[in-house]
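Breakdown of the fold
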Amino acid sequence: MGAIVAPRFKWMQREARRLAAAYDASTLWGSTPYCWLRADTVTTATGVSQYTDKSGNGRHFVQGTGSKQPALVAAGSDPNGFGCVVSDGTDDSLTNAAFGAMSSGYTLYVVTRSIVIPGATGYLISNGNLADVQSVSLIVPSAGALQARYRSPTSTVSIGNLGANEVLTSSNIRISVFSGDTITAGASMWNLRTRLGMIGSSSGSATSGSVSNFAAGLFADKAGTGSYLAAGLYEAIWIDGVHTTEQMWLGELMLAGYYALL
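Residues numbered from 1 in each chain as written. Predicted model: local features only at pLDDT ≥ 70, side-chain atom pairs only at ≥ 80, totals over all residues. Heavy atoms only, no water.

1. Comments concerning the pairing of strand S11 (residues 157-162)
Along a regular strand, successive side chains alternate from one face of the sheet to the other. On S11, burial follows the alternation: Ser-158, Gly-160 and Leu-162 on one face are buried, whereas Val-157, Ile-159 and Asn-161 on the facing-out side are not. Pairing analysis gives six bridges linking strand S10 (residues 146-151) to S11, with the strands arranged antiparallel. Bridge pairing in S11 places Arg-149 opposite Ile-159. Between the antiparallel neighbours S10 and S11 lie five residues, among them Ser-155 with a positive phi of about 65°. (Buried < 20%, exposed > 50% of the residue type's maximum accessible area, 1.4 Å probe, protein only. Helix = DSSP H or I, 4+ residues; strand = E, 2+ residues; numbered from the N terminus. Pairing = 2+ DSSP bridges.)

2. So, unusual backbone geometry
Backbone geometry places Ser-114, a non-glycine residue, at a positive phi of 50°. Checked against the element boundaries, Ser-114 lands in the loop between strand S7 (106-113) and strand S8 (122-127). Relative accessible area serves as the criterion here: at 19%, Ser-114 is assigned to the buried category. Look at Gln-134: it is not a glycine, yet its phi comes out positive at around 60°. Here Gln-134 is to be found in the loop between S8 and strand S9 (136-140).

3. A word on the packing of aromatic side chains
How two aromatic rings sit relative to each other is given by the distance of their centres and the angle of their planes. Considering all chains together, one arrives at 11 aromatic pairs under this definition. Here Phe-61 and Trp-238 contribute two aromatic rings whose centre-to-centre distance is 5.8 Å and whose plane-to-plane angle is 15°, an arrangement assigned as stacked. In this pair, Phe-61 sits in strand S3 (residues 61-62) while Trp-238 sits in strand S16 (residues 232-239), placing the two residues 177 residues apart along the sequence. Per residue, the accessibility class of Phe-61 equals that of Trp-238, and both read buried. Ring-pair connections join several aromatic residues into one group, and the members of that group are Tyr-23, Trp-36, Phe-82, Tyr-234, Tyr-258 and Tyr-259. Here the basic side chain of Lys-54 rests over the ring of Trp-36, its NZ or CZ set 5.1 Å away from the ring centre. (Phe/Tyr/Trp six-rings, centres within 6.5 Å; stacked < 30°, edge-to-face > 60°. Lys NZ or Arg CZ within 6 Å of the ring centre and 35° of its normal.)

4. Observations concerning the side chain of Gln-147
Relative to the helices and strands, Gln-147 resides in strand S10. We classify Gln-147 as buried; its relative accessible area is 9%. If we ignore the near neighbours within four places in the chain, the residues touching Gln-147 are Ser-137, Leu-138, Ile-139, Pro-141, Ile-159, Gly-160, Asn-161 and Leu-162. (Contact = heavy atoms within 4.5 Å.)

Below, the structure is given as C-alpha cells:
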C-alpha cells in the first residue's frame, strides 16, 4: 500500500508546488485583493522606501527617511530563501496615509518570520490604532502572543490570539490568516488560522467587523512614530470581505506551496 500511496503523494506535492510557484493573489479568489504586498516588489533606497501594492490599487506603503527604512533581505541571504522586508524594532516603519476603509468584512493573510517579542506592545500591521473605533490591528504585546484586535463602533474590543503554540522568534516561515464578518456593534470573535511549516491550528467562530477609513502602518502605529516591532514580513494580502474556510484553505495551500512548505 505504501508503495502506491507514497509516489502519489509525491506527485501531488510536486503538482502543488508547480501551481503555487506562479500563483497570483489578484486572480486566486476570483476578485482583486484590497491590497497585496510581497517582498519581490519593493523600491529600495537606504532600505525599503516603498512596499509596492501588487494588486494594482496603488495602496503602497512608504518611508521617506532613510534611517527609518526597513531592510530588504535578499533571497540568497534569507534563512528560508525568499526576499523578506525586515524591521529593526527601533524606528523602522512604512505607512499609507490613505489606506481607506473595508466595509464588507476583513480577511488578512500574512507570511512572517523572526518576530521579536517587544518590551511594550508593537504593531506588525495597523489599520488605525488600538484606540480608534472600527480599527483592526495586528500586534504583539509584551506577553508575546500574535494578536488581532478589532474595536467596534461601540468601542467593544475583540481579541484574536495566535501564537500561543509557536515560538514567535523562530526564523521559520509562518502563515497566519485572520477573517471576520461585518457587524455594526457589540462583542465579536475572529476566525483564525495559523500555519508553521505544515502544522496548522484554528480557533474562533463568530464575527469581527468593518474597518473604517484610517491611515495604516507596517512595523509601527498608523503614523509610523511609535509602537515599533522587529519582524520579517514576506507577504500580506488584504481582502475586503469574509473568506470561507475553503477560501482560507486555498490561500494557505498556495502560500505554503509558494514558500516551499509543501
